[in-house]
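Understanding the architecture of this molecule
For reference, the chains in residue letters:
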Amino acid sequence: MRMKGYAWLMVILCASLAILPGCWSKKELNELAVVMALGVDLQEGGGYVVSAQVMNPSEVGSQQSGLSGNSPAVTYSAVGKTIPDALQRMLNVTPRMLYLSHMRVLVFGEEMARQGISDVLDFISRNHELRTDFYLMVAKGMDAAEILQVVTPFEHIPSSSLYSSILISNKEWAAMGKITLQQFITELDQSGSNPIMSGVELHGDPKTGNNLENVKKIKPDTMLENAGLAVFVKDRLVGWVGEAGSKATNYVLNEVEMTSGYVPCPGGGIIGVEITSARSKLEVHLDKEERPQFIVRLKTEANLDAAQCSVDLSKVESIDQISRNLEHKLTSLLEEGIHEVQRKYGADIFGFGEALHRKYPKVWEKYRERWEDSFRSMEVRVYADAEIRRIGSIVQPARREMERR
């Protein structure tokens, strides 16, 4: 009986191997064109121009990469009434099937972003191939196709250079955002906040930027640079904020890991500071007329990293004065950054409306339908607290020591 049961088990297993599929959805690497970046622009007369930056695996994987004279990436473009339509038409020129799962960045042309990107996001969100960890960017003052045609130094794949630039700039400089698809859609769905997006711009001649000779020079003729933050109201781009406004926004959103700056020195000159920790908190209060008032409380820690003055750093009062100067500068930075976006664009990219919604839901209902208009005149105050942790491996500034001799 035991042997008969074993025989039946083997028959069932063999039958299962015959009827159950194996890797039914397998895709061989030599059949795929791995898309590292997508660019979307508007087409005159309707529709989209979609650009796909595709990795050239033979160049990227070679130890002699770049020496053969072939580009490590190729950018294809096609026009379609919808994004899938354009991608399908792109197969007329691509030698392989487009594979989107390894995409690093999605770039919108500025004109496209100003018209509204909800239809594009609909396709991106529906496509099961796409992950949600790639970054969204807007090409400032140009088409996305121009950005994806620039050859970049250091990274073989230009889109990898864009991706790395976003990471390092956000982490070390705090003047840029790192916005993923999921983050953007989350902000878009909330009625009390508006989304932002990283900006990128091209410096130099676009015609020389798509030539490999561009990166064979000590100083390339064409470079891609961060362009601050793109401000959206719902799904439409309404304007830009530069370095100061971008830093202010990241401070309020608790997105500052580290950054550098300088403050006035007691007695003249300047002293460099490195922010090593920053945490902000939003508070909402109601006045007698139940009108919302907002407070941003920022707490930071910093180190001194450059002293271009003759201050005596051995004195406690000198360190206290530098801390007060830093607090004043941070307060001004945040107030000016918030008021610029608030009054110029009426865009609540900071989440004040969402904070009001959480704490006073009944009051929020009064402003919900016209929050962009109401937000322009809302009172926002900033209080910054700064603490100097370290002054470096030497106590006194070199200038002070020189003047004492």
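To be clear, the structure that these remarks concern was listed above.
In this report, we go over the structure that sits alongside the text. (Residues numbered from 1 in each chain as written. Predicted model: local features only at pLDDT ≥ 70, side-chain atom pairs only at ≥ 80, totals over all residues. Heavy atoms only, no water.)

Attention now moves to unusual backbone geometry. Here the phi dihedral of Phe154 falls at roughly 70 degrees; this positive angle occurs in a residue that is not glycine. If you trace the backbone, Phe154 turns up in the loop between helix H6 (144–147) and helix H7 (158–172). One non-glycine residue with positive phi stands out, namely Lys234, at about 55 degrees. Inspection of the secondary structure puts Lys234 in the loop between strand E8 (223–233) and strand E9 (236–241). (Helix = DSSP H or I, 4+ residues; strand = E, 2+ residues; numbered from the N terminus.)

Glancing now at the pattern of salt bridges. Counted by the stated rule, this structure contains 13 salt bridges. Note that Arg89 is salt-bridged to Asp85, the shortest N-O span being 3.1 Å. Highlighted residues: Arg89 and Asp85, both in helix H3 (residues 83–89), separated by four residues, approximately one helical turn. Judged by its relative accessible area of 23%, Asp85 falls in the partly exposed class. The shortest N-O distance in the salt bridge between Glu379 and Arg381 comes to 3.4 Å. Residue classification places Arg381 among the partly exposed positions, given a relative accessible area of 30%. Connected through salt bridges with shared partners, the residues Glu301, Glu387 and Arg389 form a single ionic network. (Salt bridge = Lys/Arg side-chain N within 4 Å of Asp/Glu carboxyl O. Buried < 20%, exposed > 50% of the residue type's maximum accessible area, 1.4 Å probe, protein only.)

Right, let's get into the state of the cysteines. For the structure on display, the rule yields one disulfide. The partner cysteine of Cys265 in its disulfide is Cys309, sulfur to sulfur 2.0 Å. Of this pair, Cys265 sits in the loop between strand E10 (259–264) and strand E11 (270–286) while Cys309 is found in the loop between strand E12 (292–308) and helix H11 (316–345), placing the two residues 44 residues apart along the sequence. A single burial state applies to Cys265 and to Cys309, both of which are buried. (Disulfide = S-S within 2.5 Å.)

Bringing the sheet that holds E12 into the picture now. In spatial order, the strands read E10-E11-E12-E13; together these four strands make up an open sheet with mixed pairing. Of all the strands in the sheet, just E10 and strand E13 (379–390) have a single pairing partner and so form its edges. Each adjacent strand pair in this sheet contributes to an overall mean axis angle of 40 degrees, direction not counted. Pairing geometry for E12 and E13, over eleven bridges, is parallel. Bridging from a neighbouring strand, Lys299 pairs with Asp385 of E13. (Pairing = 2+ DSSP bridges. Axes fitted to C-alpha atoms, helices over the stretch in contact; angles between N-to-C directions.)

Another aspect to go through is the packing of helix H10 (residues 243–252) against H11. As a packed pair, H10 and H11 sit with axes 8 Å apart at the nearest point and diverge in direction by 100 degrees. By the angle class used here, H10 and H11 are roughly perpendicular. When H10 is examined against H11, the residues Ala244, Gly245, Lys247, Ala248, Tyr251 and Val252 are found in contact with a partner set consisting of Leu330, Leu333, Leu334, Gly337 and Ile338. (Parallel < 35°, antiparallel > 145°, perpendicular 65-115°, else oblique. Contact = heavy atoms within 4.5 Å.)

What follows deals with the packing of aromatic side chains. Tallying each qualifying case throughout the model produces nine aromatic pairs. Measuring from ring centre to ring centre gives 5.4 Å for Trp364 and Trp371, while their planes differ by 65 degrees; the resulting arrangement is edge-to-face. Take Trp364 and Trp371: they sit in the same class, and that class is buried. Summarising the aromatic geometry, the rings of Tyr367 and Trp371 are spaced 6.2 Å apart at their centres and angled 80 degrees between planes, so their arrangement reads as edge-to-face. Take Tyr367 and Trp371: they sit in the same class, and that class is buried. Members of the aromatic cluster, joined through ring pairs, are Phe294, Phe350, Phe352, Trp364, Tyr367, Trp371 and Phe375. (Phe/Tyr/Trp six-rings, centres within 6.5 Å; stacked < 30°, edge-to-face > 60°.)

None of the figures reported here should be taken as evidence of function without further support.
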